[in-house]
Amino acid sequence: FDKYTAVFAPANKPDQAIKQTFSSESGGMISATQAANLLAGRIVQREYINAMGNKQGEWLQLDFNDRDSQGNFKLKQFHLDIDIAKALQALPLREKMNTETMDKMLQGLHNGEVQAIKLEKNSVARQVNIAVNPRLKTLDLLNDQGKKISLAEALGENRGKSQVVDFIQELKNTQSRKTGLSVR
């Protein structure tokens, strides 16, 4: 078993399927779950044996703007150590996770899966999603639409400010040339 081809077709755009051939030549095999997450644009971690015979990890992401001679997307590699467990402990989690739950969540994050967590502030719990960002050595908080949000937004602290910004942006997008109004 040297290689396999994975195909990803977004549910909302099945005619825009993309495919990639993954091989074991580059130091370690990418699992089917990791391949699906890579094709969905997420970052995964792969472990491999380096030239010294030691186990080493690297984060991988497909570069959808660059292809090789076989038509496959090139892989971006990030050789960074990220302490995901420490980053999780820094968040105001509603419940502390036991070892088994934490291990399962860490494995999912390493495979590129988005994980749901509950944050709590002043006895109010909010569910958000998290994903690993190895370039910044952080965990990204994501809203229901998959957009990055700040911790304050996740806890509901910036509602007024974000509504004002959204309103101003909407005014900018729909400004009237007839009346000459503009928003700055």
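Here the structure is a predicted model, which means the values were calculated and not measured. (Residues numbered from 1 in each chain as written. Predicted model: local features only at pLDDT ≥ 70, side-chain atom pairs only at ≥ 80, totals over all residues. Heavy atoms only, no water.)

Draft legend 1. The arrangement of the overall build of the protein in detail. When helices and strands are counted, the protein shows five helices and nine strands. The linear arrangement of helices and strands in the protein, starting from the amino end, is β-β-α-β-β-β-α-α-β-β-β-β-α-α. For the protein, the proportion of its 184 residues judged to be buried stands at 29%. For the protein, the proportion of contacts with a sequence separation of at least 24, taken over those separated by at least 6, is 36%. Accessible surface, the protein: about 12,500 Å² in total, of which carbon and sulfur atoms supply 47%. (Helix = DSSP H or I, 4+ residues; strand = E, 2+ residues; numbered from the N terminus. Buried < 20%, exposed > 50% of the residue type's maximum accessible area, 1.4 Å probe, protein only. Contact = heavy atoms within 4.5 Å. Areas by Shrake-Rupley, 256 points an atom, 1.4 Å probe, with all protein chains shown as cover.)

Draft legend 2. Region of the structure containing the packing of aromatic side chains. What the rule picks out here adds up to two aromatic pairs. Relative to phenylalanine 22, the ring of tyrosine 4 has its centre 5.7 Å away and its plane inclined at 35°; by these criteria the two rings are tilted. With a gap of 18 residues between them, tyrosine 4 in strand 1 (residues 3-8) and phenylalanine 22 in strand 2 (residues 18-23) connect regions that are remote in the sequence. Side by side, tyrosine 4 and phenylalanine 22 carry an identical accessibility label, which is buried. Ring centres of phenylalanine 64 and phenylalanine 73 lie 5.0 Å apart, and the angle between their planes is 75°; on these two criteria the pair is classed as edge-to-face. Judged by its relative accessible area of 35%, phenylalanine 64 falls in the partly exposed class. Residue classification places phenylalanine 73 among the buried residues on the basis of a relative accessible area of 5%. (Phe/Tyr/Trp six-rings, centres within 6.5 Å; stacked < 30°, edge-to-face > 60°.)

Draft legend 3. Geometry of helix 3 (residues 99-110). The terminal C-alpha atoms of helix 3 lie 16 Å apart, and with 12 residues this matches the ideal 16 Å at 1.5 Å per residue to within 8%. Listed in full, the buried residues belonging to helix 3 are Met102, Met105, Leu106, Gly108 and Leu109. The buried residues of helix 3 all sit within an arc of 160° when viewed along its axis, so they share a single face. In this structure, helix 3 carries Thr99, Glu100 and Lys104 as exposed residues pointing more than 90 degrees from its buried face. Buried residues along helix 3 sit in contact with strand 4 (55-67), helix 2 (84-89), strand 6 (115-121), strand 7 (124-133) and strand 8 (138-142). (Expected span 1.5 Å × (residues − 1). Arc of directions from axis to C-beta.)

Draft legend 4. Geometry of the pattern of salt bridges. Taken as a whole and judged by the stated rule, the model has four salt bridges. Linking arginine 46 and glutamate 58 is a salt bridge whose minimum nitrogen-to-oxygen distance equals 2.4 Å. Here arginine 46, found in strand 3 (residues 44-49), pairs with glutamate 58, found in strand 4; they are 12 residues apart in sequence, far enough to count as distant. There is no split in this pair, since arginine 46 and glutamate 58 are both buried. Here aspartate 66 and lysine 74 are joined by a salt bridge, their closest N and O atoms 3.8 Å apart. Here aspartate 66 falls in the partly exposed class, since its relative accessible area comes to 30%. According to the relative accessible area criterion, lysine 74 is partly exposed, its value standing at 39%. (Salt bridge = Lys/Arg side-chain N within 4 Å of Asp/Glu carboxyl O.)

Draft legend 5. Summary view of the sheet that holds strand 4. The strand order across the open sheet built from three strands is 3-4-5, with neighbouring strands paired in antiparallel fashion. At either margin of the open sheet sits one strand with a lone partner, and together these are strand 3 and strand 5 (73-78). Put simply, the sheet's adjacent strands are angled 45° from each other on average, direction ignored. The sheet contact formed by strand 4 and strand 5 spans six bridges and is antiparallel. Across the sheet, aspartate 63 pairs through a bridge with lysine 74, a residue of strand 5. The strands that helix 1 (residues 32-39) touches are strand 3 and strand 4; relative to strand 4, the one it contacts most, it runs at about 40°. (Pairing = 2+ DSSP bridges. Axes fitted to C-alpha atoms, helices over the stretch in contact; angles between N-to-C directions.)

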